[in-house]
Amino acid sequence: MEGTNPVNKKLAVALSGGAVLVLALSGCTSDDGNDKLDAWAKQVCDAVQPQAKKIEAANAAIQKETSDNSTPEEVRKTDAQAFQDMSDAYKAIGAAVQKAGAPNVDDGEKKKTDAVKELNDIAASYASLKTQVDKLNTKDQAKFADGLKDIATSLDKLSTSGNDALKNLEEGDVGKAMAKQASCKSASAPASSKAS
């Protein structure tokens, strides 16, 4: 039996849920004036955009592996790199939110702290998935498939849990301010051309 497609397909499906997290960083538009909040949103959105692209590229790499008849060795290498990139991206977004400070809203400090902690936790989860992938046995097809199944299960959990603080950060005025930023809009619309 050549190729690990069915299991890797499960991995890709689980993975695509995880990327939604960052791409949720744009909400509905509104023009309530809050210059401080707009400046905060611009700083965060500008920092998020390249990281969202990195996460998208990592997703695409794993999706591509599922459509090719890749060897276990190729799958392991691609997946490990993708998880590393995602871990780095979430860490960078956490650092960007930390650097931007608390948004100018009620409970801004708590929202910021919770979101940064969550982003760092997600980064750590992807880093541990990378470690798991690195340890997979590529010589034994059955063991490799089992290992991938476990990783897909972990990914599934990761994509469905743990983005409450991010949702909380983006509620209300913060979400509105972020929605006005061109960089947040383009982060959530992969096909859009960059606004000048």
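Look up: the structure comes first, before these words.
None of these values were measured; they are calculated from a predicted model.

Comments concerning the packing of aromatic side chains
Thinking step 1. According to the stated counting rule, one finds two aromatic pairs in the structure shown.
Thinking step 2. Note on Tyr90 and Tyr126: the rings are 5.6 Å apart at their centroids and 5° apart in plane angle, and the pair reads as stacked. You can see Tyr90 sitting in helix H3 (residues 72-100) and its partner Tyr126 sitting in helix H4 (residues 108-134), a full 36 residues away along the chain. Here the two residues Tyr90 and Tyr126 agree in accessibility, since each one is buried.
Thinking step 3. Three or more aromatic residues joined by ring pairs make a cluster, and in this case those are Phe83, Tyr90 and Tyr126.

Structural notes on the state of the cysteines
Thinking step 1. If you walk through the whole model with that rule in mind, you get one disulfide.
Thinking step 2. The disulfide that involves Cys45 links it to Cys184, with 2.0 Å between the sulfurs. Sign of the S-S torsion, about -85° for the bond between Cys45 and Cys184, identifies this disulfide as left-handed. Taken together, the residues span a long stretch of sequence, with Cys45 in helix H2 (residues 35-67) and Cys184 in helix H8 (residues 182-188) at a distance of 139 residues. Grouping residues by exposure puts Cys45 and Cys184 together as buried.

Remarks on the nonpolar core
Thinking step 1. Counting residues in each nonpolar core, the largest one holds 40 residues, and the members touching the most others are Trp40, Phe83, Tyr126 and Met178.
Thinking step 2. Listing elements by their share of this core, those giving two or more residues are H2, H3, H4, helix H5 (141-160), helix H6 (164-169) and helix H7 (172-179).
Thinking step 3. Residues in contact with Trp40, not counting those within four places in the same chain, are Ala100, Gly101, Ala102, Pro103, Leu169, Val174 and Met178.

Concerning unusual backbone geometry
Thinking step 1. Unusually for a residue other than glycine, Asp107 sits at a positive phi of about 60°.
Thinking step 2. Structurally, Asp107 is set in the loop between H3 and H4.
Thinking step 3. Residue classification places Asp107 among the exposed positions, given a relative accessible area of 55%.

Analysis parameters
Every chain's residues receive numbers from 1 upward, in the order its sequence appears when written. For this predicted model, a pLDDT threshold of at least 70 governs which residues receive local features, and a threshold of 80 or more governs which side-chain atom pairs are given and counted, while totals over whole chains, interfaces and linings are taken from all residues. Each side-chain value is worked out from all heavy atoms of the structure, with water and hydrogens disregarded. The criterion for an aromatic pair is that two Phe, Tyr or Trp rings (for Trp, the six-membered ring) have centres within 6.5 Å, with stacked assigned to planes under 30 degrees apart, edge-to-face to planes over 60 apart and tilted to the rest. Secondary structure elements follow DSSP: runs of H or I of four or more residues count as helices, runs of E of two or more count as strands, with numbering from the N terminus. Exposed residues in this analysis have more than 50% of their type's maximum accessible area, buried residues have under 20%, and partly exposed residues fall in between, with area computed by a 1.4 Å probe over protein chains only. Disulfides are defined as pairs of cysteine sulfur atoms found within 2.5 Å of each other. We define the nonpolar core as a collection of buried residues of types Ala, Val, Leu, Ile, Met, Phe, Trp, Tyr and Cys that are connected through side-chain atoms lying within 4.5 Å of one another. Note on contacts: a residue pair is in contact if any heavy atoms of the two residues lie within 4.5 Å.

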